[in-house]
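Remarks on the overall topology
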Amino acid sequence: MKRVVVGLSGGVDSSVAAYLLKEQGYDVIGLFMKNWHDDSVTISNECPWLEDSNDALLVAEKLGIPFQTVDLSEQYKEKIVDYMFSEYENGRTPNPDVLCNREIKFDVFMKIAVSLGADYVATGHYCRKKTIVVDGKQVHQLLVGKDDNKDQSYFLCQLSQEQLVKALFPIGELTKPEVREIATKMELVTAEKKDSQGLCFIGKVRLPEFLQQKLQPKEGEIIEITASNDIYATAIPNFENTEASLAFYAKNKDYSSANGIVKGKHQGAHYFTNGQRRGLNVGGTKEGLFVIQTDVVNNIIYVGEGANHPGLFKNALFIKANEVHWIRQDLKLNIGETKNVMARIRYRQPLQKAILHQFESGMYVEFEKPQSAITEGQFVAWYMDDELQGSGVIS
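As a starting point, this report considers the structure included with it. (Residues numbered from 1 in each chain as written. Predicted model: local features only at pLDDT ≥ 70, side-chain atom pairs only at ≥ 80, totals over all residues. Heavy atoms only, no water.)

**With respect to the overall build of the protein**
Rule in force here: Numbering goes from the N terminus for both helices and strands, where a helix is a DSSP run of H or I of at least four residues and a strand is a run of E of at least two. The globule rule used for comparison is 2.2 Å times the number of residues to the exponent 0.38, while the radius of gyration itself is calculated over C-alpha atoms. For each residue, the accessible area found with a 1.4 Å probe, counting protein chains only, is set against the maximum for its type, and the residue is called buried under 20%, exposed over 50%, and partly exposed in between. We call two residues in contact whenever any of their non-hydrogen atoms come within 4.5 Å of each other. Surface exposure here means Shrake-Rupley accessible area, sampled with a 1.4 Å probe, where a residue is shielded only by the protein chains that are shown. The sign given to each residue is positive for Lys and Arg and negative for Asp and Glu; His and the chain ends receive no count. For charged residues, the charge sits on one atom: NZ in Lys, CZ in Arg, CG in Asp, CD in Glu.
Of the regular secondary structure elements, the protein holds eight helices and 18 strands. Its C-alpha atoms give the protein a radius of gyration of 23 Å, within 12% of the compact-globule value 21 Å for 395 residues. Counting only C-alpha atoms, the protein reaches 70 × 55 × 35 Å along its principal axes. Looking at the protein as a whole, 51% of its 395 residues qualify as buried. In the protein, of all internal contacts separated by at least 6 residues, the share reaching a separation of at least 24 is 70%. Carbon and sulfur atoms provide 47% of the accessible area of the protein, an area that totals close to 18900 Å². Computing the positive centroid from 44 side-chain charges and the negative centroid from 52, the protein places the two 2 Å apart.

Dropping the structure here:
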């Protein structure tokens, strides 16, 4: 009998995942991960992890499976939280959820599961795994979830073959309403529970408050660049090759305070991210102001008016060579090769037509249509049909 450790989060998805595995005849163990207990940065008196671990325990009791809690807050702080602070400090916007899957759930947590004699680790992600044979070797595919509305493959875009071999995604073939229906029928306490919001670890914490714990506020200027600014009318040079042309289109504009209008003050450029419009507290414009670039060195935020401002759009991005990640190692591009794919630069963004260009320095992703708010530190993921094949950190 194969043993599976399920990451029970206290939500409905992982509860139903555990139930389905039990139905399929696996020996199931429920494990709750405690990732955080520094109460100094939670902003409400609610203690979400306590409530969640309680719900996870009730589900395990109902299903008649063994249950325990593991405290991973030490590893979590080191691998996720410290990384987040350093990324924000450097003016990049990290994605803790993608990292949490790569570094915690399918690494630290997976090792604990294996030490408990597990053959597999299962989570309540809406995605699917399929195993095929290529050149006599088993290759694991990461496929999108059946529920278009809930597909979570993007969050797993940094997994490796070694991690996928032991992964199971029991609810990937179901839609969210079907999952809730099963939970209701089984009278699981989590059946009606709302989906969790906020960072994947602290529950009810607002990001700026969280960041202020470590990144001190410092006042700086908000500078508006108008859509008619000369910087957008730069003549396009003659490029000696494709790489030079892509580098030109992927590059950030060189804004300076000299070519804009001061619109107000902010409390720290490192709290803001491209495309953001909330929290600027600047009025008096016809359309909303959007962050088009942050400069953490000089502590300046550049903004533009309206969602169609030219400063928001680029049609190419770059990934450094060591940050290009292929889930499908067998499909890796060689230097000089290109590939047509569908790609997204954030979770829930509809897939966009793009071309991957692999060079020695790294990979360029060139989009058919210009993309709004391409953000350094976030992940771009690329797909062929319903398979997520690889991803990389936007540089």
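**Things to note about the packing of helix α3 (residues 73-89) against helix α4 (residues 96-115)**
The axes of two packed helices give the description: the angle between them and the distance between them. Here is the rule we go by: Throughout, an axis means a line fitted to C-alpha atoms (over the contacting stretch in the case of helices), and angles, computed between N-to-C directions, take values from 0 to 180 degrees. Every angle not falling under 35 degrees, over 145, or within 65 to 115 is termed oblique; those three ranges are roughly parallel, roughly antiparallel and roughly perpendicular. Note: crossing handedness is left-handed where the near helix turns anticlockwise from the far helix by less than a right angle, and right-handed where it turns clockwise. Basically, the charged four are Asp, Glu, Lys and Arg, the nonpolar ten are Ala, Val, Leu, Ile, Met, Phe, Trp, Tyr, Cys and Pro, and anything else, Gly included, counts as polar.
Contact geometry for α3 and α4: axes closest at 10 Å, N-to-C directions at 160 degrees. Looking at the two axes, α3 sits roughly antiparallel to α4. By crossing handedness, the relation of α3 to α4 is classed as right-handed. Residues Gln-75, Tyr-76, Lys-79, Ile-80, Tyr-83 and Met-84 of α3 form the contact with α4, whose own contacting residues are Pro-96, Leu-99, Cys-100, Glu-103, Ile-104, Asp-107 and Val-108. Of the residues contributing to the contact of α3 with α4, the split by class is nine nonpolar, one polar and three charged.

**Remarks on the sheet that holds strand β9 (residues 261-266)**
Threshold: In this scheme, strands are said to pair when DSSP sees at least two bridges between them.
Strand order across the open sheet formed by four strands is β9-β8-β11-β10, with mixed pairing between neighbours. A single partner strand is all that each edge strand has here, and the edge strands are β9 and β10 (289-295). Averaged over all pairs of adjacent strands, the angle between their axes in this sheet comes to 30 degrees, without regard to strand direction. Bridge count between strand β8 (residues 220-224) and strand β11 (residues 300-305): four bridges; the pairing is parallel.

**Quick word on the packing of helix α1 (residues 12-23) against helix α6 (residues 176-185)**
At a minimum axis separation of 9 Å, α1 and α6 run at an interaxial angle of 65 degrees. Comparing their axes, α6 and α1 come out roughly perpendicular. For the pair α1 and α6, the crossing hand works out as left-handed. Across the interface between the two elements, Val-12, Asp-13, Val-16, Tyr-19 and Leu-20 from α1 touch Lys-176, Val-179, Arg-180, Ile-182 and Ala-183 from α6. Broken down by class, the residue content of the contact of α1 with α6 amounts to seven nonpolar, no polar and three charged.

**Comments concerning the packing of aromatic side chains**
Heads up, the rule is: The aromatic pairing rule takes the rings of Phe, Tyr and Trp, using the six-membered ring of Trp, and pairs them if the centres are within 6.5 Å, calling planes under 30 degrees apart stacked, those over 60 edge-to-face and the rest tilted.
Under the defined criterion, the tally for this structure stands at twelve aromatic pairs. Judged by centre distance (5.3 Å) and plane angle (50 degrees), the ring pair of Phe-239 and Phe-248 falls under tilted. With relative accessibility at 28%, the residue Phe-239 sits in the partly exposed group. Accessibility expressed as a relative area gives 30% for Phe-248, which makes it partly exposed. An aromatic cluster of at least three residues, connected via ring pairs, comprises Tyr-154, Phe-155 and Tyr-347.

**Notes on the nonpolar core**
Applied cut-off: To form a nonpolar core, buried Ala, Val, Leu, Ile, Met, Phe, Trp, Tyr and Cys residues must be joined to one another through side-chain atoms within 4.5 Å.
Ile-104, Phe-106, Phe-109, Leu-142, Phe-169 and Leu-280 are the most contacted members of the largest nonpolar core, which totals 54 residues. Broken down by element, the residue count for this core peaks at nine residues, all from α4. If we ignore the near neighbours within four places in the chain, the residues touching Phe-169 are Phe-106, Thr-123, His-125, Cys-127, Arg-128, Lys-129, Leu-142, Leu-156 and Leu-164. Val-16, Ala-56, Ile-65 and Val-179 belong to the second largest nonpolar core, which has 27 residues in total.

**Topic: the environment of Glu-240**
Following the sequence through the fold, Glu-240 ends up in the loop between β8 and α8 (242-250). Take Glu-240: its relative accessible area is 76%, and that puts it in the exposed class. For the pair Glu-240 and Asp-148, spaced 92 residues apart in sequence, the C-alpha to C-alpha distance is 42 Å.

**Observations concerning the sheet that holds strand β2 (residues 27-34)**
The strand order across the open sheet built from five strands is β3-β2-β1-β4-β7, with neighbouring strands paired in parallel fashion. Looking along the sheet, the strands with just one partner apiece sit at the ends: β3 (67-71) and β7 (167-168). Two elements, strand β4 (residues 120-122) and β7, share two bridges in a ladder whose sense is parallel. When the sheet's bridge partners are listed, Ala-122 is paired in β7 with Leu-168.

**Concerning the layout of surface pockets**
To keep things clear, this is the line we draw: Cavities and pockets were defined on a 1 Å grid built from protein atoms only: a cavity is a group of points that admits a 1.4 Å probe but offers it no way out, a pocket is an open group of points flanked by protein on both sides within 12 Å along at least five of seven lines, and a lining residue is one with an atom within 4 Å of any such point. Grid points are joined across faces, edges and corners, and a volume is the space filled by probe spheres set on the points.
Approximately 590 Å³ is the volume attributed to the second largest pocket. Lining the second largest pocket are 25 residues, with Tyr-249, Lys-251, Lys-253, Phe-313 and Lys-314 sitting closest to its centre. If you list the elements that add at least two residues to the lining of the second largest pocket, you get α8, β10 and β12 (313-320). Looking at side-chain class alone, the lining of the second largest pocket contains 14 nonpolar, seven polar and four charged residues.

**A few points about the side chain of Arg-328**
Short version of the rule: As used in this structure description, the phrase polar contact means that two N or O atoms lie within 3.5 Å; if the pair is within protein, one of them must be able to donate a hydrogen and the other to accept it, and residues adjacent in sequence are counted only when both atoms belong to side chains.
Along the polypeptide, Arg-328 turns up in the loop between β13 (324-326) and β14 (338-344). Engagement of the side chain of Arg-328 in a polar contact is seen with the side chain of Asp-330, the distance being 2.7 Å. Not counting the four nearest positions on each side in its chain, Arg-328 is found in contact with Ile-132, Val-134, Val-139, His-140, Gln-141, Gln-161, Glu-387 and Gln-389.

**Comments concerning a nonpolar patch on the surface**
Note the cut-off: Surface patches are drawn from residues lacking salt bridges whose relative accessible area is over 30%; two like charges belong together within 9 Å, two nonpolar side chains (Val, Leu, Ile, Met, Phe, Trp, Tyr) within 5 Å. Here, a salt bridge means any Lys or Arg side-chain nitrogen found within 4 Å of an Asp or Glu carboxyl oxygen.
Judged by side-chain polarity, Ile-236, Phe-248 and Tyr-249 come together as a nonpolar surface patch covering roughly 250 Å² of accessible area. Take Ile-236: it is sitting in the loop between β8 and α8.

**A word on the environment of His-357**
When you line up the elements, His-357 lands in strand β15 (residues 352-358). In this structure the C-alpha to C-alpha distance between His-357 and Thr-242, which are 115 residues apart in sequence, comes to 9.1 Å. Each residue touching His-357, except ones within four places of it in the same chain, is listed here: Thr-242, Leu-246, Glu-337, Thr-338, Gly-362, Met-363, Tyr-364 and Glu-366.

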